[in-house]
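Descriptive analysis of the structure
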Amino acid sequence: EQVYAKEHYYSLFLNTSGLGFGYKFGWTPNYKDKHLLDFDFYYSNHEKAIKGSNYTYEGARSFSYGKLYDLFFLRSGYKWEHTTHHKPYWGGVEIGYFFAGGFSLGIGLPTYLEIAYLSPNGYDLIYLVERYDPTVHDLSNIVGGAAFYERFHKLAFRPGAYGKMGLLFDFASDNARVRSLEIGVSVDVLFPPIQQMYQNEAKKAYIEAYIAYNFGSKKLLYEK
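Conventions and cut-offs
Residues numbered from 1 in each chain as written. Predicted model: local features only at pLDDT ≥ 70, side-chain atom pairs only at ≥ 80, totals over all residues. Heavy atoms only, no water. Pairing = 2+ DSSP bridges. Helix = DSSP H or I, 4+ residues; strand = E, 2+ residues; numbered from the N terminus. Axes fitted to C-alpha atoms, helices over the stretch in contact; angles between N-to-C directions.

Where strand 3 (residues 33-44) meets strand 6 (residues 69-85), 12 bridges bridge the pair, whose relative direction is antiparallel. Within strand 6, the position partnered with His35 by the bridge is Trp80. Looking at chain direction, strand 6 and strand 7 (residues 94-110) are connected through 16 bridges and run antiparallel. When the sheet's bridge partners are listed, Phe73 is paired in strand 7 with Gly106.

And the structure:
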């Protein structure tokens, strides 16, 4: 049987608050264990953030009332995979489990809105893009969300840590390829946390259940 010493694969995943993608590469020191460098990027939406539109203004962009930040996570760490059941020689599914952990960077994208003000003449409206301030802006003067490119001001960066664990099911028909389903749970903790919603405490930990599809390739010991 051919022994594959290295592998790399990409991941597309959905979790309980958003979606993301990842990349892993590493080596196989023995028949059952794998050591991988783990990179993920995903979007986490707050469960109370509900998008809506102000129909008073035609063509206004939708926005989530009370939402202060959109939150993204950038992870970098180590992943250990252990195979418990290899595929039979006629094919089938390889089963294993994994643990991963490392550094997590939280990136808060602040909410900017289009706000309507009465012009000095008292008849016309002036539209300005401003950072959302719940103490000043309400449904009486919010037109809608600002364009996405308007929001890259005063980004919030928070260092933290993450961990995840779960099960792997590799169903690739070609042993030189990675085609697997990953089911697991993850947790991210930021220091200090980011408050996403007005009048809601910042989360101390972001606990997610997720499912991922992994695809990539393996290399033999002497392959470059």
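Here the narrative resumes.
What follows concerns the sheet that holds strand 12 (residues 177-190). On the basis of which strands lie adjacent, the closed barrel formed by eight strands has the order 1-2-3-6-7-11-12-13 and antiparallel pairing. The sheet shows a mean angle of 25° between the axes of neighbouring strands, taken without regard to direction. In the sheet, strand 12 pairs with strand 13 (residues 206-220) via 12 bridges, with the strands oriented antiparallel. Across the sheet, residue Ser186 finds its bridge partner in strand 13, namely Glu208.

What follows concerns the pairing of strand 8 (residues 112-118). Note that strand 8 and strand 9 (residues 125-131) share seven bridges and pair antiparallel. Looking across to strand 9, one finds that Ile115 is bridged to Leu128. Two successive antiparallel strands, strand 8 and strand 9, enclose a turn made up of six residues, where Gly122 displays a positive phi of approximately 85°. The pairing of strand 8 with strand 10 (residues 142-145) spans three bridges and is classified as antiparallel. Bridged to Leu113 within strand 10 is Gly145.

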